[in-house]
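Next come the chains, spelled out residue by residue.
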Amino acid sequence: EEDSSEESSEVVQPSTNVNDIDEYGIFTTSKFKRGYQLPIAQMMYGVQADNYDEFIEAYPECAKTYYDKKLSTDAQKKTFIDNIYKKYVAASGEGFKINCETISETTYSTSLAESYCKQYGGNETVEEAYRVTFKVIVSNNGQSTSKTTSIRCFKIDGEWYVFE
């Protein structure tokens, strides 16, 4: 008798789960595959986790340096991220979850992007730049609210960053 318990050789196609788009599980939909959803997700995850270090990693070096000078102590950094976090808690309650959906992108001038870097003391060369409009969905206990916002995203040395 033939053994019918042979292993299946079926190829499993990648799913479109949240984590296929970003490792933070923030983006549920991304119309554009440019890579800027990752720093947006990292920034929003930093808010959700009330974690300044995660939040600031989404920014280019010039902005990190600027904020490190402006917020020179750990207490100042904690207060900065706590103030953002508390706005989300006030709107949705403790234990909220953030998800995002990309809505649109508009090409942004790389020379203008570089001028923003210079204002923060940087000298980065910006390879690509977009103004990205996205929906932020904040959910908690079966309830959700959303708002649409936009942010500048710059590609520097092959890596994407947010810059606001």
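Predicted, not measured: the structure shown is a model, and the values here were computed from it. (Residues numbered from 1 in each chain as written. Predicted model: local features only at pLDDT ≥ 70, side-chain atom pairs only at ≥ 80, totals over all residues. Heavy atoms only, no water.)

## Overview of the overall build of the protein
Helix and strand counts for the protein come out as five helices and five strands. If you list the helices and strands of the protein from N to C, you get β-α-α-α-α-β-α-β-β-β. Expressed as a percentage of the 164 residues in the protein, the buried residues total 41%. Look at the contacts in the protein between residues 6 or more apart in sequence, and 59% of them connect residues 24 or more apart. For the protein, the accessible area works out to roughly 9600 Å², and carbon and sulfur atoms hold 45% of it. (Helix = DSSP H or I, 4+ residues; strand = E, 2+ residues; numbered from the N terminus. Buried < 20%, exposed > 50% of the residue type's maximum accessible area, 1.4 Å probe, protein only. Contact = heavy atoms within 4.5 Å. Areas by Shrake-Rupley, 256 points an atom, 1.4 Å probe, with all protein chains shown as cover.)

## What about the pairing of strand S3 (residues 126-140)?
As paired elements, strand S2 (residues 97-107) and S3 share 10 bridges and run antiparallel to each other. Counterpart to Thr102 in the pairing with S3 is Phe134. Where S3 meets strand S4 (residues 143-156), 14 bridges bridge the pair, whose relative direction is antiparallel. Bridging from a neighbouring strand, Ser139 pairs with Ser144 of S4. Here S3 folds back onto S4 in antiparallel fashion, the turn holding two residues, of which Asn141 has a positive phi close to 50 degrees. (Pairing = 2+ DSSP bridges.)

## Here's the deal with the environment of Asp68
By secondary structure assignment, the location of Asp68 is in helix H3 (residues 61-70). When its relative accessible area of 38% is taken as the criterion, Asp68 is described as partly exposed. Through-space distance from the C-alpha of Asp68 to that of Ile56 is 9.6 Å; in sequence the pair is 12 residues apart. Those residues within four positions of Asp68 in sequence are excluded, and the remaining contacts are Tyr52 and Lys77.

## Quick word on the nonpolar core
Membership of the largest hydrophobic core comes to 42 residues, with the highest contact counts inside it found for Ile40, Met44, Ile98 and Phe154. The element contributing the most residues to this core is S3, with seven residues. Apart from residues no more than four positions distant in its own chain, Met44 is found in contact with Ile26, Tyr88, Ile98, Cys100 and Val136. (Core = buried A, V, L, I, M, F, W, Y, C linked by side-chain atoms within 4.5 Å.)

## Considering the packing of aromatic side chains
Overall, the coordinates contain 16 aromatic pairs when judged by the stated rule. Relative to Trp160, the ring of Tyr36 has its centre 5.5 Å away and its plane inclined at 85 degrees; by these criteria the two rings are edge-to-face. Of this pair, Tyr36 sits in the loop between strand S1 (27-29) and helix H1 (37-48) while Trp160 is found in strand S5 (residues 159-163), placing the two residues 124 residues apart along the sequence. Ring geometry for Tyr88 and Phe96: centres 5.6 Å apart, planes at 25 degrees, overall stacked. The buried category is assigned to Tyr88, whose relative accessible area is 19%. Grouping aromatic residues by their ring pairs yields a cluster made of Tyr52, Phe55, Tyr59, Tyr66, Tyr67, Phe80, Tyr108, Tyr116, Tyr120, Phe154 and Phe163. A cation sits over an aromatic face here: Arg152 above Tyr116, 3.9 Å from the ring centre. (Phe/Tyr/Trp six-rings, centres within 6.5 Å; stacked < 30°, edge-to-face > 60°. Lys NZ or Arg CZ within 6 Å of the ring centre and 35° of its normal.)

By themselves, these observations are geometric and do not establish any function.
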